[in-house]
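# Results of the structural survey
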Amino acid sequence: MKKNKVRIFSSEEKTKIVLELIKEDATLSQLASKYEISSKTIQNWKKQFVSNAALAFEPAKVLSEYQEQISDLKEQNDELAKALGKATVERDWAVGKLKSLDLSNRKSLVQSKLDQLPKTRQCELLDISRSTTYYKVKPLSVDKLSILNRIDEIYR
């Protein structure tokens, strides 16, 4: 089975093919077989070429539009960078404050049903092991407690 290789045409090649079609030196099917591409592709290139033909006579207008878009995008980028920097500083401050809490208080802050932040990430931010959030302390029975106390007395 032969694999079709995807050919990428440069804008110069596309222009050359479309101009040949517009000159009507060859038919659409002849051009398609000559360049080994589909006639639909050539038709799409022709539509694109004709719809953008007016830009060739007003390059300054196109340039100014792109410059406006670029400046707008730069402004948006600057605003987003400032917001990201602020959020990062605030997050670092909050994480530092949370890490200063003792382990039991940090464990009590973890919520298992929080949609925005998975339990694993909560534990990472609080600097605790995720497995400790699942462990439930069982109170010792009176018998076990007395045995442990007796062992402590013997080995002191």
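Within every chain, residues take consecutive numbers counted from 1 along the sequence as written. It should be noted that, the model being predicted, local features are given only for residues of pLDDT at least 70 and side-chain atom pairs only at 80 or more, the latter also being counted only at that level, while totals for whole chains, interfaces and linings use all residues. Based on all heavy atoms of the structure, the side-chain values leave hydrogens and waters out of the count.

### With respect to the pattern of salt bridges
One speaks of a salt bridge when a side-chain nitrogen belonging to Lys or Arg is within 4 Å of a carboxyl oxygen belonging to Asp or Glu. For the structure on display, the rule yields five salt bridges. Between Arg-7 and Glu-36 there is a salt bridge, and its shortest N-O distance comes to 3.9 Å. On the criterion of sequence distance, the pair formed by Arg-7 in the segment before helix H1 (11-23) and Glu-36 in the loop between helix H2 (28-35) and helix H3 (39-51) is long-range, its members being 29 residues apart. We classify Arg-7 as partly exposed; its relative accessible area is 43%. With a closest N to O distance of 3.4 Å, Glu-20 and Lys-34 form a salt bridge. Of this pair, Glu-20 sits in helix H1 while Lys-34 sits in helix H2, and the two are 14 residues apart along the sequence. The numbering of helices and of strands both runs from the N terminus, where a helix is a DSSP run of H or I of at least 4 residues and a strand a run of E of at least 2. Per-residue accessibility, obtained with a 1.4 Å probe over protein chains only, is compared with the maximum for each type, and a residue is labelled buried under 20%, exposed over 50%, and partly exposed between these values.

### What to know about the nonpolar core
In a soluble, globular protein the nonpolar side chains are often hidden away together inside. By nonpolar core we mean a set of buried residues, namely Ala, Val, Leu, Ile, Met, Phe, Trp, Tyr and Cys, connected to one another through side-chain atoms within 4.5 Å. Core analysis: the largest hydrophobic core is formed by ten residues, namely Phe-9, Ile-17, Val-18, Leu-21, Leu-31, Ala-32, Tyr-35, Ile-37, Ile-42 and Trp-45. Counting residues per element, the ones that place at least two in this core are H1, H2 and H3. Working rule for contacts: check all heavy atoms of both residues, and any pair within 4.5 Å makes them a contact. Sequence-distant contacts of Trp-45, defined by excluding residues within four places in its chain, comprise Phe-9, Lys-14, Ile-17, Val-18 and Ile-37.

### What to know about a nonpolar patch on the surface
The grouping of Leu-140, Leu-145, Ile-147, Leu-148, Ile-151, Ile-154 and Tyr-155 at the surface amounts to a nonpolar patch, some 730 Å² of accessible area in total. Examined against the element boundaries, Leu-145 turns out to sit in helix H7 (residues 142-154). Patch membership is restricted to residues that have no salt bridge and whose relative accessible area is over 30%. Joining uses 9 Å for like charges and 5 Å for the nonpolar side chains Val, Leu, Ile, Met, Phe, Trp and Tyr. For accessible areas, the Shrake-Rupley method is used with a probe of radius 1.4 Å. Any residue's cover is judged against the shown protein chains and nothing else.

### Looking at the layout of surface pockets
Quantified by volume, the largest pocket comes out at close to 160 Å³. For the largest pocket, the full set of lining residues is Ser-11, Lys-14, Thr-15, Val-18, Trp-45, Gln-48, Phe-49 and Asn-52. Those elements giving two or more residues to the lining of the largest pocket turn out to be H1 and H3. Residues are grouped as follows: nonpolar covers Ala, Val, Leu, Ile, Met, Phe, Trp, Tyr, Cys and Pro; charged covers Asp, Glu, Lys and Arg; every other residue, Gly included, is treated as polar. Across the lining of the largest pocket, the residue classes tally to three nonpolar, four polar and one charged. A cavity, in this analysis, means grid points on a 1 Å lattice covering only the protein atoms where a 1.4 Å probe fits yet has no way out; a pocket is instead an open set bounded by protein on both sides within 12 Å along at least five of seven lines, and a residue lines either one if it has an atom within 4 Å of a point. Grid points are joined across faces, edges and corners, and a volume is the space filled by probe spheres set on the points.

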